[in-house]
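# Structure assessment
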Amino acid sequence: MVAVSKINRKLVFAILSYSLSLPFSTLALAEFDRGKALYDNHCKSCHENWVHTREKSKINTVDELRRRVAGWSIHSGLKWGNGEIDDVTDYLNRHYYQLTAAP
Ligand code: HEC
């Protein structure tokens, strides 16, 4: 019967794509976003997106954004190194600012 085999094929495809997608979702979990985690833990309590999406944002370049992040990390007593500052700058830029680095 044509109809049944069609359903079966759909079912097999669904099961196959589900099982195939499993390793990928495990991979996605392993892809930990350190910049996001740091921001969520240390910065989000004061401001979420409003400060980064307000019209009069004081940030116009990636350098300025990085300086701000560095400033806030000092202000918050976090003692972040370049790695943490880079990751949070990158996260904020990806998420809100979408600035391109100056050539
Ligand atoms: C004590 C509260 C507080 C904490 C903690 C804090 N911020 Fe802020 N942040 C503010 C306030 C208030 C402003 C807006 C002040 C201004 O206009 O300069 C701001 C502004 C900013 C801006 C500029 C936004 C823009 O586009 O103009 C950035 C970037 C920023 N914060 C990043 C961070 C990061 C990264 C952290 C964590 C290390 C952090 N902040 C922690 C209160 C805080």
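On to the site of the ligand. The full set close to the ligand counts 18 residues, and Cys43, Cys46, Ser57, Arg68 and Trp72 are the nearest of them. Here the shell around the ligand takes five residues from helix H4 (residues 62-75), the largest share from any one element. Looking at the shell around the ligand residue by residue, the classes come out as ten nonpolar, six polar and two charged.

What follows deals with the packing of helix H2 (residues 34-42) against helix H5 (residues 82-97). Where H2 contacts H5, the two axes come as close as 7 Å, and the packing angle between them is 90 degrees. By the angle between their directions, the pair H2 and H5 is classed as roughly perpendicular. Residue-level inspection shows Arg34, Gly35, Lys36, Leu38 and Tyr39 of H2 in contact with H5, the latter providing Glu84, Asp87, Val88, Asp90, Tyr91 and Leu92. Tallied by class, the residues present in the contact of H2 with H5 amount to five nonpolar, one polar and five charged.

Let us now look at the nonpolar core. Of all hydrophobic cores here, the largest spans seven residues; its members are Leu38, Tyr39, Leu65, Val69, Ile85, Val88 and Leu92. Those elements that provide at least two residues to this core are H2, H4 and H5. Tallying contributions element by element places H5 first for this core, with three residues. Residues within four places of leucine 65 in sequence aside, it is in contact with Ile59, Thr89, Leu92, Asn93, Tyr97 and Leu99.

The rules behind each value
The written sequence of each chain sets the order in which its residues are numbered from 1. The predicted nature of this model means local features are confined to residues of pLDDT at least 70 and side-chain atom pairs, given and counted, to a pLDDT of 80 or more, with totals for whole chains, interfaces and linings taken over all residues. Any residue whose C-beta atom, as set from the backbone, lies within 6 Å of a molecule or strand is reported as near that molecule or strand. Only runs of H or I of at least four residues qualify as helices and only runs of E of at least two qualify as strands under DSSP, and these elements are numbered from the N terminus. Residues are grouped as follows: Ala, Val, Leu, Ile, Met, Phe, Trp, Tyr, Cys and Pro are nonpolar; Asp, Glu, Lys and Arg are charged; every other residue, Gly included, is polar. Axis lines are fitted through C-alpha atoms, for helices just across the contact stretch, and the angle between N-to-C directions can take any value from 0 to 180 degrees. Roughly parallel means an angle under 35 degrees; roughly antiparallel, over 145; roughly perpendicular, 65 to 115; everything else is oblique. Contact between residues is assigned whenever the C-beta positions, reconstructed from backbone atoms, fall within 7 Å. Among buried residues, those of type Ala, Val, Leu, Ile, Met, Phe, Trp, Tyr and Cys that are joined through C-beta atoms within 7 Å form a set called a nonpolar core. Any residue surrounded by 20 or more other C-beta atoms within 10 Å of its C-beta is treated as buried, while 12 or fewer makes it exposed and the intermediate range makes it partly exposed; C-beta atoms here are placed from the backbone.

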